[in-house]
Amino acid sequence: YALADVDGFGVLAGTPQGLMRVNAGGELEPATVYGTRVAETVHALMRDADGTLWICCEQVGVLRISPDGSKMQIGVDAGLTGFPRAVFRDSGGHVWVGTTSGLFGVTKDAVVPVGRAAGVFDDAVLQIAEDSMGRLWLGTQSGLRCVPIDELLKLMRGDLEGSLIGVRSLRW
């Protein structure tokens, strides 16, 4: 489901069998990253500049593993709903998670729904990318959505209602 080239580990693959590594012979084998092995379905991977690995797991939620071996789980207890399918850090350093329930912003203290739960749009978010104009492009089941990041941040702070956000939709 996902691929990432991670210094010190080579090519990592998110698979239905968990986090795998492509070995020197070109075969997949279970990967242990910073002392952690993930054996459940992995849908997405993201590596931060400091080496921290973010993993979208089917049951656990989002797992963040730091190079020092410390882990943080972002799941239902933190406010994340649905099954994680994408994780992305934008140019401003904000982390976004796409799930089968919508889009979520992740802060130090909270997981904030900014998709379906906030009334912005009603669709699963499967992919996330940023353009040069400061907008998030969201790949959903029914098409593409384009949303200004600054408006999403205002929504997360409570400075803007979801109905006032300018969402551009491109349908399949």
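The structure we're discussing is the one just above.
Caption draft 1: Here's a closer look at the environment of M20. Mapped onto the elements of the fold, M20 is located in strand β3 (residues 18-22). By relative accessible area, which is 12% here, M20 ends up buried. With 11 residues separating them along the chain, M20 and A31 place their C-alpha atoms 4.7 Å apart. Contacts of M20, omitting those with residues within four sequence positions, involve V11, L12, A13, T15, L28, E29, P30 and A31.

Caption draft 2: Quick look at the pattern of salt bridges. Taken as a whole and assessed by the stated rule, the structure comprises six salt bridges. In this structure, R47 engages D7 in a salt bridge whose closest nitrogen and oxygen atoms are separated by 3.7 Å. Taken as a pair, R47 in strand β7 (residues 42-47) and D7 in the loop between β1 (2-6) and β2 (10-15) lie far apart in primary sequence, 40 residues in all. The class of R47 is partly exposed, set by a relative accessible area of 33%. A residue is classified by how much of its surface remains accessible, and D7, at 58% relative accessible area, is exposed. Among the salt bridges present, the one from E29 reaches R21, with a minimum N-O distance of 2.4 Å.

Caption draft 3: Examining the environment of V33 more closely. Here V33 is to be found in strand β5 (residues 32-33). Residue V33 is classed as buried on the basis of its relative accessible area, which comes to 0%. Apart from residues lying up to four places away in sequence, V33 is in contact with F9, L12, L19, L53 and I65.

Caption draft 4: Spotlight on the sheet that holds strand β4 (residues 28-30). Reading across from one edge, β1-β2-β3-β4 is the order of the four strands in this open sheet, with antiparallel pairing throughout. One side of each edge strand has no neighbouring strand; the edge strands of this open sheet are β1 and β4. In this sheet, adjacent strand axes meet at a mean angle of 35° when their direction is disregarded. Two elements, β1 and β2, share five bridges in a ladder whose sense is antiparallel. In the strand pairing of β2, A2 is matched with G14.

Conventions adopted
Residues numbered from 1 in each chain as written. Predicted model: local features only at pLDDT ≥ 70, side-chain atom pairs only at ≥ 80, totals over all residues. Heavy atoms only, no water. Helix = DSSP H or I, 4+ residues; strand = E, 2+ residues; numbered from the N terminus. Buried < 20%, exposed > 50% of the residue type's maximum accessible area, 1.4 Å probe, protein only. Contact = heavy atoms within 4.5 Å. Salt bridge = Lys/Arg side-chain N within 4 Å of Asp/Glu carboxyl O. Pairing = 2+ DSSP bridges. Axes fitted to C-alpha atoms, helices over the stretch in contact; angles between N-to-C directions.

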